[in-house]
Amino acid sequence: MKLVVAVVQDQDSNRLSNALTKNDFRATKLASTGGFLRSGNTTFLIGTEDSLVPKALDVIRENCRAREQMVAPISPMGGNADSYIPYPVEVEVGGATVFVLPIEQFHHF
């Protein structure tokens with residue numbers, strides 16, 4: 001057994017959830033917040049057999065895409081303002097950050 005933990009941008013959450021269900025993967029969705037942009041994310045917990053991990057990764061890859069987005073930087077609070085950029089910058093957001101962890105035991109009651 002493996003636990004696939006996928007952190008995806010909220011914009012991709014519903015599409016990924018539907019695709020996982022369509023491909024017979026059961027997942028638990030958790031609301032989460034990203035540290036860099038402090039934006040909303042969804043974390044999926046997917047328990048699956050070792051042999052199905054590549055298929056789960058394919059589903060995630062196909063439904064979570066990176067995109068460019070303009071973001072307004074957060075002004076420094078009491079810190080060094082020398083590196084502060086006061087205008088919006090374009091950054092890459094989206095995609096998925098995925099961890100695959102070994103599971104020692106699995107119980108479903």
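Residues numbered from 1 in each chain as written. Predicted model: local features only at pLDDT ≥ 70, side-chain atom pairs only at ≥ 80, totals over all residues. Heavy atoms only, no water.

- As recorded by an unreviewed UniProt entry, the chain carries the name Transcriptional regulator and is attributed to Kurthia sibirica.

### Concerning the overall build of the chain
Here is step 1: Broken down by element type, the chain carries two helices and six strands.
Here is step 2: Element order for the chain, N to C, with α for helix and β for strand: β-α-β-β-α-β-β-β.
Here is step 3: Sorting the 109 residues of the chain into buried and exposed places 27% on the buried side.
Here is step 4: Put simply, of all contacts in the chain between residues at least 6 apart along the chain, 70% involve residues at least 24 apart.
Here is step 5: Surface exposure of the chain reaches about 7,600 Å², of which carbon and sulfur atoms provide 53%. (Helix = DSSP H or I, 4+ residues; strand = E, 2+ residues; numbered from the N terminus. Buried < 20%, exposed > 50% of the residue type's maximum accessible area, 1.4 Å probe, protein only. Contact = heavy atoms within 4.5 Å. Areas by Shrake-Rupley, 256 points an atom, 1.4 Å probe, with all protein chains shown as cover.)

### Things to note about the pattern of salt bridges
Here is step 1: Scanning the model with the defined rule gives two salt bridges in all.
Here is step 2: Its salt-bridge partner being R15, residue D12 comes within 2.4 Å of it at the nearest N-O pair. Taken as a pair, D12 and R15 lie in helix α1 (residues 10-22) at a separation of three residues, close to a single helical turn.
Here is step 3: Here R61 ties to D58 by a salt bridge, and the two come within 2.7 Å at their closest N and O atoms. Within this pair, R61 and its partner D58 are both found in helix α2 (residues 53-63), separated by three residues, close to a single helical turn.
Here is step 4: Residue classification places R61 among the exposed residues on the basis of a relative accessible area of 55%. (Salt bridge = Lys/Arg side-chain N within 4 Å of Asp/Glu carboxyl O.)

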